[in-house]
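# Chains, contacts and geometry: an overview
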Amino acid sequence: MEWWTQIFDAFKQADIRQVVYVPDAGHASLIESCIKDKNMRAIALTTEEEGIAVLSGAWLGGERGVLLMQSSGVGNCINMLSLASTCRFPLAMFVTMRGQWHEFNPWQTAMGQTLDDHLKLAGAQTLTAQTPDDVGPMAAATLAQAFTGDGMSALLLHQRLMPVKTFE
Amino acid sequence: MPQSPRSDDYPLRRREVVKLLTGTRDDLLVIAGLGSTAWDITSAGDRDLNFPLWGAMGGAIAMGLGLALAQPDRRVLVITGDGETLMGMGSFATVALQAPQNLSICTFDNERYGETGMQSTHTAADTDLAGIARASGIQTVGLVQNQTDLDAALPDILDAPGPVYHVIKVRAEKLDFVLPPKDGVHLKNRFRHALLGDAGIS
């Protein structure tokens, strides 16, 4: 079983209705499954910070959602995270990592090496899934921290989980 | 770029406009962008179903989108300023892609950053927010410059199938602050309680 299917199953279990995302290779299959699911609305964003505002609106309206993004996207979110922290909107983020493991593009390293600290400074809890076995339990825990703990939480999906990207 | 004086003389007054938008319909779900528009909606009556932002600049339209998708049977009205709109213009494309029928967005455009000293925004020059929204894929877009335009636009703002966007040119004026509660958790809980009942705050 592919690791991402465990995230999808956790979304179903948690009754996730809005899935906001910026397309990413590491999340591609998960996003495809969310697009096909009749009970989920997959919402493509132009920038990741939009997603935090969309999910806050969704929560005001009684729906649960999640934000899917790549590590570089976390950098686009910093001020908008204050919306979630100030109002204690539940916020569950699933971040595919770059700049961490056999990275060929040095421009990915800045966010890849610092986003865990950025998220913690912004008030989010983080977990890092290093292996496929970590993913299911950590996805469930990330959703629980957000929706039963009224908090901000992020699951960082280590670059070891992704196929190595090259330009070859 | 010298400061444009033209919005000093625009006929529409924002506090009168907001009364026409939010004063007629108790069932509207209202999001206001930070700054002047948050004070505006409060001046028309602080309602539990108002969510006035005090920060998160650039997020008002996107927040309205999430709310509109979660509550498809309720009319959602986003009222925000030109500076706030400029900071989140990608949201027009995101809204157009989802095309919620129940979402209406108004920018009160005084061509100034009101909270920081009335400096010109880009709309004081040639930037056309209505054109940007239209080109982003929003089908129903209007420019409101006077009372006649506003009277004609009100049915669309309040009831036309969305997404609907209007730029309402308003006078640049310094007005009294009419502040809503600023505790974000309180604003969230009162909104959810009014909309969802006790289940909303359990």
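Small disclaimer: the values here were computed from a predicted structure and weren't measured.

## Here's the deal with the environment of I138(B)
All names here are of chain B. Mapped onto the elements of the fold, I138 is located in the loop between α6 (129-135) and β7 (140-144). For the pair I138 and A96, spaced 42 residues apart in sequence, the C-alpha separation works out to 5.2 Å. Residues contacting I138, with those up to four places away along its chain left out, are F92, V95, A96, A133, P163 and Y165.

## Here we look at a nonpolar patch on the surface
Taken together, the side chains of W54(B), F177(B) and L179(B) define a hydrophobic patch exposed on the protein surface, amounting to about 330 Å² of accessible area. The topology assignment puts W54(B) in the loop between β2 (50-52) and α3 (60-70).

## Side note on the confidence of the model for chain B
Per-residue confidence for chain B gives a mean pLDDT of 96; residues scoring 70 or more make up 98%. Predicted as a complex, the structure gets a pTM of 0.97 and an ipTM equal to 0.96.

## So, α3(B)
The buried count for α3(B) comes to 11 of 11 residues, which makes it a mostly enclosed element. The set of residues buried in α3(B) consists of A60(B), I61(B), A62(B), M63(B), G64(B), L65(B), G66(B), L67(B), A68(B), L69(B) and A70(B).

## Some details on helix α7 (residues 147-159) of chain B
Along its 13 residues, α7(B) runs 19 Å from first to last C-alpha, staying within 8% of the 18 Å computed at 1.5 Å per residue. Two or three places before T148(B), at the opening of α7(B), N146(B) has a side-chain oxygen 3.1 Å from that residue's backbone nitrogen.

## Observations concerning the sheet that holds strand β1 (residues 29-32) of chain B
Residue and element names in this part refer to chain B. Read across the sheet, 6 strands follow the order β2-β1-β3-β4-β8-β7 without closing on themselves; strand pairing throughout is parallel. Taken across any chain shown, the strands that pair with only one partner, and hence form the sheet edges, are β2 and β7. Shown here is a sheet whose adjacent strand axes are inclined to one another by a mean of 15°, direction ignored. In terms of strand pairing, β1 meets β2 through 3 bridges, oriented parallel. Within β2, the position partnered with I31 by the bridge is F51.

## Structural notes on the environment of L45(A)
In this fold, L45(A) is placed in the loop between β2 (41-44) and α3 (48-60). The buried category is assigned to L45(A), whose relative accessible area is 9%. Along the primary structure L45(A) and Q6(A) are separated by 39 residues, whereas in three dimensions their C-alpha atoms are 24 Å apart. When neighbours within four sequence positions are excluded, L45(A) is seen to be in contact with V20(A), Y21(A), V22(A), E50(A), G51(A), V54(A), L67(A) and T94(B).

## Comments concerning the interface of chain B and chain A
Tallying the contact residues gives 28 residues for chain B and 25 residues for chain A. A combined buried area of about 2100 Å² lies between chain B and chain A, and 63% of that area is made up of carbon and sulfur atoms. In this assembly, chain B and chain A are joined by 0 salt bridges. Across the contact surface, chain B and chain A share 9 residue pairs in polar contact (both at pLDDT 80 or more). Secondary structure elements with two or more residues in the side of chain B that touches chain A: α3, α5 (90-98) and α8 (184-196) of chain B. By residue class, the composition of the side of chain B that touches chain A is 17 nonpolar, 9 polar and 2 charged.

## Some words on the pattern of salt bridges
Here the idea is simple: oppositely charged side chains can pair when their charged atoms come close. Counted according to the given criterion, the structure contains 15 salt bridges over all chains. For K120(A), the salt bridge identified is with D116(A), shortest N-O distance 2.8 Å. With K120(A) and D116(A) both in helix α6 (residues 109-121) and 4 residues apart, the pair spans about one turn of that helix. Given a relative accessible area of 25%, D116(A) falls into the partly exposed group. Across the salt bridge formed by K19(B) and E16(B), the nearest N and O atoms sit 3.5 Å from each other. In this pair, K19(B) and E16(B) are both assigned in helix α1 (residues 14-22), 3 residues apart and thus about one turn of the helix distant. A relative accessible area of 43% means that K19(B) is categorised as partly exposed. Judged by its relative accessible area of 46%, E16(B) is partly exposed. Each of R6(B), D109(B), E111(B) and K169(B) takes part in one network of salt bridges that share partners.

## Some thoughts on the packing of helix α1 (residues 3-13) of chain A against helix α2 (residues 28-36) of chain A
Residues and elements named next belong to chain A. Where α1 meets α2, the closest approach of the two axes is 9 Å, and the angle between their N-to-C directions is 35°. The way α1 lies across α2 gives a crossing that is right-handed. Only S29, L30, S33 and C34 of α2 make contact with α1, whose side of the interface consists of W4, I7, F8 and F11. Its residues assigned to classes, the contact of α1 with α2 comprises 6 nonpolar, 2 polar and no charged.

## Some points on the side chain of T123(B)
Residue and element names in this part refer to chain B. Tracing the chain through its elements places T123 in the loop between β6 (119-120) and α6. Within the structure, the side chain of T123 is placed 2.9 Å from the side chain of T121, a separation counted as a polar contact. For T123, the residues in contact, after removing those within four places along its chain, are R6, D82, L86, D109, E111, L129 and K169.

Scoring rules and cut-offs
- Residues numbered from 1 in each chain as written.
- Chains lettered and ligands numbered in written order.
- Predicted model: local features only at pLDDT ≥ 70, side-chain atom pairs only at ≥ 80, totals over all residues.
- Heavy atoms only, no water.
- Helix = DSSP H or I, 4+ residues; strand = E, 2+ residues; numbered from the N terminus.
- Contact = heavy atoms within 4.5 Å.
- Patch = residues over 30% accessible without salt bridge, like charges linked within 9 Å, V, L, I, M, F, W, Y side chains within 5 Å.
- Areas by Shrake-Rupley, 256 points an atom, 1.4 Å probe, with all protein chains shown as cover.
- Salt bridge = Lys/Arg side-chain N within 4 Å of Asp/Glu carboxyl O.
- pLDDT = per-residue confidence, 0-100.
- Buried < 20%, exposed > 50% of the residue type's maximum accessible area, 1.4 Å probe, protein only.
- Expected span 1.5 Å × (residues − 1).
- Polar contact = N/O pair within 3.5 Å; in protein donor to acceptor, adjacent residues only side chain to side chain.
- Pairing = 2+ DSSP bridges.
- Axes fitted to C-alpha atoms, helices over the stretch in contact; angles between N-to-C directions.
- Buried area = accessible area lost by both parts, 1.4 Å probe.
- Nonpolar A, V, L, I, M, F, W, Y, C, P; charged D, E, K, R; others polar.
- Left-handed = near helix turned anticlockwise from the far one by under 90°.

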